[in-house]
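Each chain, written out:
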Amino acid sequence: MISKILIANRGEIAVRIMRTCKKLGISSVAVYSEADKAAPFVQMADESYLLGPARVNESYLNVDRILDIAKSCSADAIHPGYGFLSENGSFAEKCEASGIIFIGPTSQVMEMMGSKIEARKAMKAANIPIVPGTEDAVHSKEEAIEVAKSIGYPIMLKASAGGGGIGMQVVHSDEELLKAFENNAKRAESFFGDGAMFLEKKIDHARHIEIQILADKFGNAVHLFERECSIQRRNQKVVEEAPSPFLSETTRQRMGKAAVNAAKALGYTNAGTIEFLVDANENYYFLEMNTRIQVEHPITEEITGIDIVAEQINIANGNSLSFKQEDLTIKGHAIEARIYAEDPNTFFPSPGHITVFDIPKGENIRLESAVTSDYQVTPFYDPMISKLIVKGNTRQEAIQLLIHTLEKTKVEGIKTNIPLLLEIAQHHEYQAGNTTTSFIVDYLRPLKRK
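The shown structure was predicted, so the numbers you read here are calculated from the model rather than taken from an experiment.

Undergrad: How should the overall build of the chain be read in this particular structure?
TA: A count of helices and strands for the chain gives 16 helices and 20 strands. A compact globule built from 450 residues would reach a C-alpha radius of gyration of about 22 Å, and the chain, at 21 Å, matches this within 12%. Counting across all 450 residues of the chain, residues that qualify as buried make up 58%. Put simply, of all contacts in the chain between residues at least 6 apart along the chain, 65% involve residues at least 24 apart. Surface exposure of the chain reaches about 18200 Å², of which carbon and sulfur atoms provide 49%. The centroid of the 49 positive side-chain charges in the chain is displaced by 2 Å from the centroid of its 59 negative side-chain charges.

Undergrad: What am I meant to see in helix α4 (residues 89–97) here?
TA: Quick reminder: α-helices carry 3.6 residues per turn. Residues three or four places apart thus point the same way. Every buried residue of α4 is accounted for by Gly89, Phe91, Ala92 and Cys95. One side of α4 holds all its buried residues, which, seen down the axis, span an arc of 160 degrees. At the N-terminal end of α4, a side-chain oxygen is found 3.0 Å from the backbone nitrogen of Ser90, two or three residues along, and the residue is Asn88. Where α4 ends, the next residue or the one after it, Gly99, has phi of about 80 degrees, a positive value.

Undergrad: How should I be thinking about the pattern of salt bridges in this particular structure?
TA: If the charged atoms of two oppositely charged side chains come close together, the side chains can form a pair. A complete count under the given rule lists 32 salt bridges for this structure. Residue Arg233 pairs with Glu342 through a salt bridge whose shortest N-O separation is 2.7 Å. A residue pair is termed long-range when its members are at least 10 positions apart, and Arg233 in strand β10 (residues 221–233) and Glu342 in the loop between β14 (333–340) and β15 (352–354) qualify at 109 residues. Several salt bridges share partner residues, and in doing so they unite Arg16, Arg19, Lys23, Glu301, Glu302, Asp307, Arg366 and Glu368 into one network.

Undergrad: Just checking my understanding: could you explain the side chain of His223 for this structure?
TA: By the element assignment, His223 lies in strand β10. Judged by its relative accessible area of 9%, His223 is buried. One polar contact links the side chain of His223 to the main-chain amide nitrogen of Phe225, over a distance of 3.1 Å. Not counting chain neighbours up to four residues away, the residues in contact with His223 comprise Ile211, Gln212, Ile213, Gly256, Lys257, Val260, Gln325 and Leu328.

Undergrad: What's the story with the environment of Ile440 in this structure? I'm lost.
TA: Here Ile440 is to be found in helix α15 (residues 439–443). The class of Ile440 is buried, set by a relative accessible area of 2%. In this structure the C-alpha to C-alpha distance between Ile440 and Leu420, which are 20 residues apart in sequence, comes to 9.3 Å.

Undergrad: What is the right way to read the nonpolar core from this model?
TA: It is characteristic of soluble globular proteins that their nonpolar side chains tend to be buried jointly. Counting residues in each nonpolar core, the largest one holds 97 residues, and the members touching the most others are Leu6, Phe41, Ile78, Leu214 and Ile424. In this structure Ile78 touches Ile5, Leu6, Ala8, Ile66, Leu67, Ala70, Phe91, Cys95, Ile100, Ile101, Phe102 and Ile103, once residues within four positions along its chain are discounted. If you look at the next biggest cluster of nonpolar residues, it comprises 24 residues, including Met113, Ile128, Ile209 and Met289.

Undergrad: Sorry, what's going on with the packing of helix α3 (residues 63–72) against α4 here?
TA: Where α3 contacts α4, the axes come no closer than 11 Å and their chain directions differ by 30 degrees. Taken together, α3 and α4 sit at an angle that is classed as roughly parallel. Crossing of α3 over α4 shows right-handed handedness. Here Val63, Asp64, Ile66 and Leu67 of α3 lie close against α4, whose contacting residues are Phe91, Lys94 and Cys95. The class makeup of the residues in the contact of α3 with α4 is five nonpolar, no polar and two charged.

Undergrad: Sorry, what's going on with the sheet that holds strand β11 (residues 236–242) here?
TA: Hydrogen bonding along the main chain pairs the strands of a sheet, whether they run parallel or antiparallel. Spatially, eight strands are ordered β13-β12-β9-β10-β11-β14-β19-β17 in an open sheet, and the strand pairing comes out antiparallel. Taken across any chain shown, the strands that pair with only one partner, and hence form the sheet edges, are β13 (284–290) and β17 (365–369). Between one strand axis and the next, the sheet turns by 25 degrees as a mean value, whatever way the strands run. Pairing geometry for β11 and β14, over four bridges, is antiparallel. What sits directly across from Val239, in β14, is Ala337. Its contacts with the sheet place helix α1 (residues 11–24) against β17 and β19 (384–392), and it is angled at close to 115 degrees to β17.

Undergrad: What am I meant to see in the packing of aromatic side chains here?
TA: What describes a pair of aromatic rings is the distance from one ring centre to the other and the angle between the planes of the rings. Taken as a whole, this structure holds eight aromatic pairs when the rule is applied. Ring centres of Phe380 and Tyr381 lie 6.1 Å apart, and the angle between their planes is 55 degrees; on these two criteria the pair is classed as tilted. By relative accessible area, which is 44% here, Phe380 ends up partly exposed. One aromatic cluster is present, built from ring pairs that chain together Tyr60, Phe84, Phe380 and Tyr381. Positioned above the aromatic ring of Tyr340, the side-chain terminus of Arg233 is 4.3 Å from the ring centre. The residue whose ring lies beneath Arg395 is Tyr430, and the NZ or CZ to ring-centre distance is 4.7 Å.

Criteria and thresholds
- Residues numbered from 1 in each chain as written.
- Predicted model: local features only at pLDDT ≥ 70, side-chain atom pairs only at ≥ 80, totals over all residues.
- Heavy atoms only, no water.
- Helix = DSSP H or I, 4+ residues; strand = E, 2+ residues; numbered from the N terminus.
- Rg over C-alpha atoms; globule rule 2.2 N^0.38 Å.
- Buried < 20%, exposed > 50% of the residue type's maximum accessible area, 1.4 Å probe, protein only.
- Contact = heavy atoms within 4.5 Å.
- Areas by Shrake-Rupley, 256 points an atom, 1.4 Å probe, with all protein chains shown as cover.
- Lys, Arg positive; Asp, Glu negative; His and termini not counted.
- Charge placed at Lys NZ, Arg CZ, Asp CG, Glu CD.
- Arc of directions from axis to C-beta.
- Polar contact = N/O pair within 3.5 Å; in protein donor to acceptor, adjacent residues only side chain to side chain.
- Salt bridge = Lys/Arg side-chain N within 4 Å of Asp/Glu carboxyl O.
- Core = buried A, V, L, I, M, F, W, Y, C linked by side-chain atoms within 4.5 Å.
- Axes fitted to C-alpha atoms, helices over the stretch in contact; angles between N-to-C directions.
- Parallel < 35°, antiparallel > 145°, perpendicular 65-115°, else oblique.
- Left-handed = near helix turned anticlockwise from the far one by under 90°.
- Nonpolar A, V, L, I, M, F, W, Y, C, P; charged D, E, K, R; others polar.
- Pairing = 2+ DSSP bridges.
- Phe/Tyr/Trp six-rings, centres within 6.5 Å; stacked < 30°, edge-to-face > 60°.
- Lys NZ or Arg CZ within 6 Å of the ring centre and 35° of its normal.

Below you can see the structure in the form of structure tokens.
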């Protein structure tokens, strides 16, 4: 049985995992960079160890150092959180080889789904609809142009190993593709060590809807319904909600069943998310699979009552799922707003010293935070500093609670995207449920934010 977990991550997700560890009576181990030595997650852990300098390749991506610490402190398992090493198959394999439980899927499945090209092939084999696009990597801009002509513009140029919007760009013409191909391939090579690119047909005014799944080592798999993640800037999520205000019950059931079937076909274990693009007619197409816990997992927890981190640990312990699909129901509506240290108009990061950080507490308000008052936001990591989660009996209740909480929130010393979050929540199109991936460009000062 797992009695001590090293958390190979930082910030709010480290705090989140530690909270469940404490509830389960499991010791938590934090690892941190020099830039994070005063961070709340370091103080909260039962044990804390310095990784190295601020740069991620010398700290949070330093596999050998992380494994050395895990062995020296006798950690039974490593939870990777999200980002950093969470979808690194090589890291998972090294954990397995070291006799340390990796809380996630097997390294083989992770490697397969980590390549968007291979993931598309796997989903097609499992009879999951995929967006029209290339079957294999595109190796040159000349080849890309020929493929784009057959698919038809606009297209999405994507890095096979990408994530977080990196290496991704909408392209409308041959001229744009010529400029975009090499730039994005270089970025992908720099960030992910893999410059392979592929092309997909862009589905205009699509919705980004994902299905949370849990699967044990005995062939049991369930879905925890869907999350609507369509409100995005620069292909990164800003506001998510569960359930989707758009899906019919029939489509909800079809998508959930498709996600479970895909997980079983892959031999998937632990928590994962299958992301889809959904068009105006509720046709859905596989986008990608995230082989880790998602940033937005709290809204699923709020509408199902399931502690996803606890289930991850339970599965990693070799136990079967403690519930069946028919035991799960949707209760209420939850919304998550990501609070970024960034300029709300330009989306540029805004590091600096937080002098005041005050978010109201109350019933149906949940805060997952990496910061406090008197905290230095450094330029070294992702600018997301907190997640505000609210719940209501209805979607409108949740929206009104979100607006009220954001209006009462005070963050001073840095710029944040709170004005943008309020603008979204108060917009009549958002309140009507008309949320698509182009929402911010379409409705919120498009000339300023393109």
